[in-house]
Amino acid sequence: MDEMHRYTDETEALSRAIVAYARSRIASAQPLDGSATGEELSRRAGETVIAEGIGGEEALRVWSEVLAPATISTDHPSSMAFVPGAPTKAAVLFDLVVGASSTIAAGWIDGAGAIWAENQALRWLADLAGFPAGAGGVFVSGGSAGNLSALVAARANAAVRLGGRPATGWKIAVAESVHSSVATAARVIDVGIVEVPGDERGRLTGDALAATLNALDPDEAASVFAVVASAGATNAGTVDDLAGIADVCEKREIWFHVDAAYGGAGLVAPSVRERFRGIERADSFIVDPHKWLFAPYDCCALVYRDPTAAHGVFRQEAGYLETVNQPGVAWSEWNPADYAYHLSRRARGLPLWFSLATYGTDAYRDGVEHVLTLTRATADEIRARDELELVMDPELSVVLFRRLGWADADYETWWRGLLDAQIAFVQPTSWRGEKLARLCFVNPLTTIDHVRAVLDAMTT
Ligand SMILES: Cc1ncc(COP(=O)(O)O)c(C=O)c1O
């Protein structure tokens, strides 16, 4: 009975095949690959979920020959679209261990070892941001989940402070630099948005925030329970005026959340660390290690200066959880489930922890600096080409530029041509109503030659 759960000769053969596949995936250069329609995939893969199964060997063949080629490898050195990823070898390998370990990292009672290690990685990030010893948090699936959870904690904190919900309804304040996930989070939790005019690069500044709040009716201003700043805006890679925003938030007792999902890696890099001045005064921040801190998907670190508000709103109470929640006992030391909207959770911070432990934090500093150096070299290369024009000097590792004389359709032709030729995966973007070229770097293996191939395709 139940051959699925026994380690049989077939399982042994499948183990070898899977490990060999995973090994070849990380040992050798991978193609960029592409996409396919659902109809094409159905035709080529055939029926895969059937009563008697197709067998592991065949399922692996379908994955490697049909399905994997219909995905783009974000860790390819020429993957420069959106925000790519570039996990270290040790992080990827340890992800296999996490999957094999059946550890539920929701509560200390059965996840202590995994949670201790995750907390080491969180502490490293908290220290980089300059957060105090009492700071703490949890790894959630991504920046969207991190922003949502931070805002829920912020609102709970304000409700306690104000003694309930304001008559005008809750609001958050943001600028043009804010990530789209924050608007979604606001819809999910039914709060309004106060839009603050950005500076010439779209950044949120303390002065503009103060002016906007001062211009509001006092009741409405009091309903603003959180400000979300970006430390690494996704579209332009800019960093908001964190210190100026902190001044305003402190004065008005508003929760200050920093979305450093993409840019937080810069905290480790001496050449840009100063741009983050003020983050140490935030109430919460997020960083996605699956973006520029070399971890596999999915992984967002959510850190609170004082985790009490989050604990108050997220803790789940149930008869079967009474032992888990018992205060002051060894087995309830730190329950990650209490710090975001979730209960069961994969110990998704472990690949980052294992990689940090393997290579050391200096290697992270060097990896991030390497990417910043490449970004500056890319900006120089663009300045040197007559047909290209930088939109702004890069602050982190995003480069926005225009191809003089191009219409919108030319940018579409550009990215499609590069992908069809398997040269690179890039995407245009829109910035203040104009279609532009955008490159985002996170991979230390990307070289200026990879970039030149992308730029050369704009001259022909
Ligand atoms: C600044 C920022 N915040 C939030 C997000 C959302 O993160 P995720 O895709 O991990 O949910 C992103 C994604 O690119 C981002 O760049």
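The following refers to the structure shown. The structure presented is a predicted model; accordingly, all values stated were derived computationally and were not measured.

**Focus: the sheet that holds strand 10 (residues 427-431)**
At step 1: If you walk across this open sheet you meet the four strands as 8-9-11-10, and the pairing is antiparallel. Of all the strands in the sheet, the pair left with one neighbour each is strand 8 (388-390) and strand 10. Along the sheet, successive strands turn relative to each other by an average axial angle of 45 degrees, direction set aside.
At step 2: Alignment of strand 10 against strand 11 (residues 434-440), held across five bridges, turns out to be antiparallel.

**Some points on the side chain of Asn443**
At step 1: Along the chain, the position of Asn443 falls in the loop between strand 11 and helix 17 (448-456).
At step 2: Take Asn443: its relative accessible area is 5%, and that puts it in the buried class.
At step 3: There is a polar contact of 2.9 Å between the side chain of Asn443 and the backbone oxygen of Asp75.
At step 4: Setting aside anything within four residues of it in sequence, one finds Asn443 in contact with Asp75, His76, Pro77, Ala86 and Val371.

**A look at the site of the ligand**
At step 1: With respect to spatial proximity, 14 residues lie near the ligand, and among them Gly143, Ser144, Thr234, Asp259 and Asp288 are the closest.
At step 2: Residue Asp259 places a side-chain N or O atom 2.6 Å away from a nitrogen atom belonging to the ligand.
At step 3: Here His290 contributes a side-chain N or O atom positioned 3.1 Å from an oxygen atom of the ligand.
At step 4: Burial of the ligand by the protein chains amounts to 83% of its free accessible area of 390 Å².
At step 5: When the residues that make up the shell around the ligand are grouped by side-chain class, the tally is two nonpolar, nine polar and three charged.

**Details of the packing of helix 1 (residues 9-27) against helix 3 (residues 56-67)**
At step 1: Where helix 1 meets helix 3, the closest approach of the two axes is 10 Å, and the angle between their N-to-C directions is 15 degrees. Classified by the angle between their axes, helix 1 and helix 3 sit roughly parallel to one another. Classified by chirality, the crossing of helix 3 by helix 1 is left-handed. Touching Leu14, Ala17, Ile18 and Tyr21 of helix 1 are Gly56, Glu57, Leu60, Trp63 and Ser64, all from helix 3.
At step 2: For the contact of helix 1 with helix 3, the class distribution of residues is six nonpolar, two polar and one charged.

**Considering the state of the cysteines**
At step 1: Considering all chains together, one arrives at zero disulfides under this definition.
At step 2: Distance from the sulfur of Cys299, which forms no disulfide, to the nearest cysteine sulfur (Cys300) is 7.5 Å.
At step 3: Among the cysteines around Cys440, which has no disulfide bond, Cys300 carries the closest sulfur, lying 16 Å off.

**Some remarks on unusual backbone geometry**
Keep in mind that most residues, glycine aside, have a negative phi and that most peptide bonds are trans.
At step 1: In this structure, the amide linkage connecting Tyr297 to the following residue, Asp298, adopts the cis form with an omega of -5 degrees.
At step 2: Secondary-structure assignment places Asp298 in the loop between helix 11 (289-292) and strand 7 (300-304).
At step 3: Of note in the backbone geometry, Phe82 takes a positive phi value of approximately 50 degrees without being a glycine.
At step 4: In this structure, Arg432 takes a positive phi of about 50 degrees despite not being glycine.
At step 5: Within the secondary structure, Arg432 sits in the loop between strand 10 and strand 11.

**Some words on the sheet that holds strand 2 (residues 171-175)**
Picture the strands of a sheet paired through backbone hydrogen bonds; they go either parallel or antiparallel.
At step 1: In spatial order, the strands read 1-7-6-5-4-2-3; together these seven strands make up an open sheet with mixed pairing. Across the chains shown, the open sheet's two edge strands, defined by having one partner strand only, are strand 1 (136-140) and strand 3 (192-196). On average, each strand axis in the sheet is inclined to that of its neighbour by 20 degrees, with strand direction left out of account.
At step 2: Lying on the sheet, helix 5 (residues 108-129) is in contact with strand 1, strand 6 (284-287) and strand 7; it crosses strand 1 at an angle near 115 degrees.
At step 3: Of the strands in this sheet, strand 1, strand 2, strand 4 (224-230), strand 5 (255-259), strand 6 and strand 7 are in contact with helix 6 (residues 143-162), which crosses strand 7 at around 15 degrees.

**Quick word on the environment of Pro132**
At step 1: Relative to the assigned elements, Pro132 resides in the loop between helix 5 and strand 1.
At step 2: For the pair Pro132 and Glu280, spaced 148 residues apart in sequence, the C-alpha to C-alpha distance is 8.5 Å.
At step 3: Not counting residues within four places of it along the chain, the set of residues in contact with Pro132 comprises Arg123 and Arg305.

**Description of the nonpolar core**
At step 1: Trp292, Phe401 and Trp414 are the most contacted members of the largest nonpolar core, which totals 88 residues.
At step 2: Per element, the largest residue contribution to this core is seven residues, and it comes from helix 15 (residues 361-383).
At step 3: Discounting residues that sit within four places of it in the chain, Trp414 has contacts with Trp406, Val426, Gln427, Pro428, Ala437, Leu439, Val454, Ala457 and Met458.
At step 4: By size, the runner-up hydrophobic cluster in this structure holds 40 residues, among which are Ala150, Leu151, Trp170 and Ala340.

**Some thoughts on the packing of helix 15 against helix 17**
At step 1: Following both chains from N to C, one finds helix 15 and helix 17 inclined at 35 degrees, their axes separated by 10 Å at the closest point. In this structure, helix 15 crosses over helix 17, and the sense of that crossing is right-handed. Contacts from Leu374, Ala377, Thr378, Glu381 and Ile382 in helix 15 reach Ile448, Val451, Arg452 and Leu455 in helix 17.
At step 2: Per-class residue counts for the contact of helix 15 with helix 17 are six nonpolar, one polar and two charged.

**What to know about the pattern of salt bridges**
Pairing is possible between side chains of opposite charge, provided their charged atoms come close.
At step 1: Counted under the stated rule, the structure contains 30 salt bridges.
At step 2: A salt bridge links Glu118 to Arg345, with the nearest nitrogen and oxygen atoms 2.9 Å apart. With a gap of 227 residues between them, Glu118 in helix 5 and Arg345 in the loop between helix 13 (322-325) and helix 14 (350-359) connect regions that are remote in the sequence. As far as the burial class goes, Glu118 and Arg345 line up, both buried.
At step 3: Taken together, the salt bridges that share partners define one network made up of Asp199, Glu200, Arg201, Arg203 and Glu395.

**A look at the pairing of strand 2**
At step 1: Strand 2 sits mainly inside the fold: five of its five residues count as buried.
At step 2: Neither face of strand 2 is exposed, since Lys171, Ala173 and Ala175 on one face and Ile172 and Val174 on the opposite face are all buried.
At step 3: Of the strand pairs in this sheet, strand 2 and strand 3 are connected by five bridges, and their pairing is parallel. The partner of Val174 across the bridge, within strand 3, is Glu195.
At step 4: Handedness of the crossover is the feature at issue here: the chain leaves strand 2, passes through helix 7 (residues 180-188), returns alongside strand 3, and the resulting connection is right-handed.

Cut-off values and rules
- Residues numbered from 1 in each chain as written.
- Predicted model: local features only at pLDDT ≥ 70, side-chain atom pairs only at ≥ 80, totals over all residues.
- Heavy atoms only, no water.
- Pairing = 2+ DSSP bridges.
- Helix = DSSP H or I, 4+ residues; strand = E, 2+ residues; numbered from the N terminus.
- Axes fitted to C-alpha atoms, helices over the stretch in contact; angles between N-to-C directions.
- Buried < 20%, exposed > 50% of the residue type's maximum accessible area, 1.4 Å probe, protein only.
- Polar contact = N/O pair within 3.5 Å; in protein donor to acceptor, adjacent residues only side chain to side chain.
- Contact = heavy atoms within 4.5 Å.
- Near = heavy atom within 4 Å.
- Areas by Shrake-Rupley, 256 points an atom, 1.4 Å probe, with all protein chains shown as cover.
- Nonpolar A, V, L, I, M, F, W, Y, C, P; charged D, E, K, R; others polar.
- Parallel < 35°, antiparallel > 145°, perpendicular 65-115°, else oblique.
- Left-handed = near helix turned anticlockwise from the far one by under 90°.
- Disulfide = S-S within 2.5 Å.
- Core = buried A, V, L, I, M, F, W, Y, C linked by side-chain atoms within 4.5 Å.
- Salt bridge = Lys/Arg side-chain N within 4 Å of Asp/Glu carboxyl O.
- Right-handed = clockwise from strand over helix to strand, strands pointing away.

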